[in-house]
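Listed here are the chains, written in short residue letters.
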Amino acid sequence: MRDSAATLSSDAPVGVGERVRALRVAAGLTQTALAGERFSKEYVSQIERGKTRPTDETVAWLAERLGVDPEYLRRGVPSDVRSRVEAKLAQAEALSEAHRDQEAVELFREVRGEIERLGSAELEARALAGEGWSLQELGSPREAIEVLQLARALTERPEFSDLDRADVLFRLGCCRYRISSIPTAINLLDEALELAERSGLPCDVLRARALAWRSRCRRRQADYEAARDDVERALELARGVDDPRSVAGAYFQASFVAEKMGHWALARQYAQQAKAIYQDLNDERNTGRIMLNLGGLQLLLGKPEQAIEQLTASFALAVEAGSQPDAAQALGGLAAVHEHLGDHEAADEHARKALALLEGREDFLDETGQSNLVLGRSLLERGRLDEAEQCFRAADQAFEQMESVAHRTGAWVALGDLAERRGDAREAARWYRNAAEALAVVRF
C-alpha cells in the first residue's frame, strides 16, 4: 500500500478527504470496510466529501488502516520527505551559525521551495527567519526586512506561540538597527522582550540576545546608563542558562559600553573574556571582531604597538574568513593608530583601503564616517585642505544618516580645525560652538 501512496503522490487531490478516497479505492476497500467497528460508513463518506474535518487522532488511525504515513494523509507528503526537508533546514541554520551566510541563504531559498509543497507554515516561518538573519549578516538589511515581514505575517497565525513571534521581532529589530532606524529597532526589541516573557516558555537565550542588541541601540543614542543596564541583564541571563555564545556576545557589548563610559581597563577586561570564549568555540570570525575592539582599547590605553599587533591579527582573520566589512574595520583601526603616531602616509593608505571595502554598505556608516575622519586628518596635516574638507563632510553625512549627533560633533570639530588652519577664526568658532552645544544635550 505504500507503493500506492507513492504512485498517487504526484497527481492525488490536495484535500485529506480526497486522499482518503483515492487510497481506499486503490486498496479495493469499501467505505464500510475502511470504517470497521470504529466509525460509520456515513462518517467516512463525510470525510471523503470534505464535509467534516478529521482530528489528528482520526487521521493517524485512517493512515494506519490505509498503510501510509499520517503526514502523507494530512498533507500529501510522506513523513520521510518532511524529515529530509527538516534536515536541509537544520543544515542551512548550521551554515548561518558558522558565518557561511551566502551558502546559508542559497540553501534556505532552496528548502523554501520544498516547504511550499509540504504546506508547513511552521517550517516556512523557520526558513524565512533564517534567511532574513543571513541576509542582514551579508549586508542586505532591507532585503532581510522584506523576508522577515513574511515570517512575521505567518507567525501571527493562532498556531504559533508568542515566543515564535518574539524571535521574528527580535530579528527585525536587529535589521532596523543595521539601517540606523534606531527608535523603530528599540520598539521591536521591546515588543520581542515582552512577548518572550509573556510566553511562559524557556527563552532566556533569546532575551539575552535581545537585551544585548537593545544595548547597542542605547549606545547609539548615547544613553550609556541604559545601555549598561541592558547588557548587565543580558549577561546575567546568558550566564544563567550557561550559553557560551550569548555570554561572549554580552561581554562584547559590555566592553563597548565601558569604553564609551571611559572605563578603558574594564572594557579591555570584558573584551578579553569575550575573546577567550570565542576561541573556545573556534569562532574565528568573532575572535577577529573582538580583536578590533582590543586594538582600539590598546591605543586608548597608550599602547599603540600592541594596538597594531591586535589590529593586524584581526585583519588576517577577516581576510581568511572572507569578510570585507571586518577587514575594512581592521584597516580603519590601523589608519587611526598610524595617524596617532604621526605616520600620515600610512594612515592615508589604510583609510582609503577601508573606505573602498565599505563602499555602499549602509550598515557600516559609523565605520565609514570614522575612516573619512582619519583620512581627512592625514590630509589636513599634509596641507591638502580641500581634500580634507571633502572627507570631513563625507564623515558628517555618514553620521547624519546614523541620526547620531554625538558622532556628528567629531566631524564638526574637524571642520573647525580645518577653518582654523585656513585662518578663518569666525568659521572655526562656529563649528566649535555647534559641537559644544550638541554635546551639552547628549546624555553621557
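Summary of the structure given here.

Conventions we followed
Residues numbered from 1 in each chain as written. Predicted model: local features only at pLDDT ≥ 70, side-chain atom pairs only at ≥ 80, totals over all residues. Heavy atoms only, no water. Helix = DSSP H or I, 4+ residues; strand = E, 2+ residues; numbered from the N terminus. Rg over C-alpha atoms; globule rule 2.2 N^0.38 Å. Contact = heavy atoms within 4.5 Å. Areas by Shrake-Rupley, 256 points an atom, 1.4 Å probe, with all protein chains shown as cover. Lys, Arg positive; Asp, Glu negative; His and termini not counted. Charge placed at Lys NZ, Arg CZ, Asp CG, Glu CD. Axes fitted to C-alpha atoms, helices over the stretch in contact; angles between N-to-C directions. Parallel < 35°, antiparallel > 145°, perpendicular 65-115°, else oblique. Left-handed = near helix turned anticlockwise from the far one by under 90°. Nonpolar A, V, L, I, M, F, W, Y, C, P; charged D, E, K, R; others polar. 1 Å grid on protein atoms, 1.4 Å probe; cavity = no way out; pocket = protein on both sides within 12 Å on 5 of 7 lines; lining within 4 Å. Points joined across faces, edges and corners; volume = space filled by probe spheres on them. Buried < 20%, exposed > 50% of the residue type's maximum accessible area, 1.4 Å probe, protein only. Salt bridge = Lys/Arg side-chain N within 4 Å of Asp/Glu carboxyl O. Polar contact = N/O pair within 3.5 Å; in protein donor to acceptor, adjacent residues only side chain to side chain. Core = buried A, V, L, I, M, F, W, Y, C linked by side-chain atoms within 4.5 Å.

**Structural notes on the overall build of the protein chain**
The helix and strand tally for the protein chain stands at 24 helices and 0 strands. In terms of overall dimensions, the protein chain is more spread out than a globule: its C-alpha atoms have a radius of gyration of 29 Å, far above the 22 Å expected for 444 residues. Over its C-alpha atoms, taken along the principal directions, the protein chain stretches across nearly 100 × 40 × 35 Å. Considering only contacts in the protein chain between residues 6 or more positions apart, those separated by 24 or more positions represent 57%. Carbon and sulfur atoms make up 47% of the accessible area of the protein chain, which totals about 21100 Å². Mean positive and mean negative side-chain charge positions of the protein chain (59 and 75 charges, respectively) differ by 3 Å.

**Thoughts on the packing of helix α10 (residues 141–155) against helix α11 (residues 162–178)**
Contact pair α10 / α11: the axes reach a minimum separation of 9 Å and the direction vectors enclose 160 degrees. With respect to each other, α10 and α11 are oriented roughly antiparallel. As for the relative orientation of α10 and α11, their crossing is left-handed in sense. Residue-level inspection shows P141, A144, I145, L148, Q149, A151, R152 and T155 of α10 in contact with α11, the latter providing D164, R165, V168, L169, R171, L172, C175, R176 and R178. Split into classes, the residues belonging to the contact of α10 with α11 amount to 9 nonpolar, 2 polar and 6 charged.

**Description of the environment of G296**
Examined against the element boundaries, G296 turns out to sit in helix α17 (residues 284–300). Measuring from C-alpha to C-alpha, the distance between G296 and G333 comes to 6.7 Å, with 37 residues separating the pair along the chain.

**Digging into empty space enclosed by the protein**
To find the voids left in a structure, one rolls a probe of water-molecule size over its atoms. For the structure on display, the rule yields 1 cavity of 30 Å³ or more. Roughly 40 Å³ of internal volume is contained in the largest cavity. Together, E284, R285, G288, R289, S314, L317, A318, A321 and D326 line the largest cavity. Looking at the lining of the largest cavity, the elements that each hand over two or more residues are α17 and α18 (304–321). The class makeup of the residues in the lining of the largest cavity is 3 nonpolar, 2 polar and 4 charged.

**Considerations on the side chain of E339**
As for its placement among the helices and strands, E339 is situated in helix α19 (residues 324–340). Within the buried core, E339 has no salt-bridge partner, and the shortest N-O distance to an opposite charge, that of R382, equals 6.7 Å. Of the polar contacts made by the side chain of E339, one reaches the side chain of H344; its length is 3.1 Å. Setting aside residues no more than four positions away along its own chain, E339 makes contact with H344, A347, V374, R377, S378 and E381.

**A word on the layout of surface pockets**
In this structure, the second largest pocket spans a volume of roughly 360 Å³. Considering the residues around the second largest pocket, the lining is formed by 13 residues, among which V16, R53, D56, R74 and R75 are closest to the centre. Among the elements of the structure, α2 (16–27), α5 (56–66) and α6 (70–75) are those that each provide at least two residues to the lining of the second largest pocket. When residues in the lining of the second largest pocket are grouped by element, the largest group, 3 residues, is from α2. For the lining of the second largest pocket, a count of residues per class yields 5 nonpolar, 3 polar and 5 charged.

**Thoughts on the nonpolar core**
General note: in soluble globular proteins, nonpolar side chains tend to be found buried as a group. Judged by nonpolar contacts, the single largest core of 60 residues is most densely connected at F170, L172, W213 and C217. With residues up to four places along the chain from it excluded, the contact list for C217 reads Y177, I182, A185, I186 and L189. Among the nonpolar cores identified, the runner-up in size contains 25 residues, and A388, C391, M402 and A438 belong to it.

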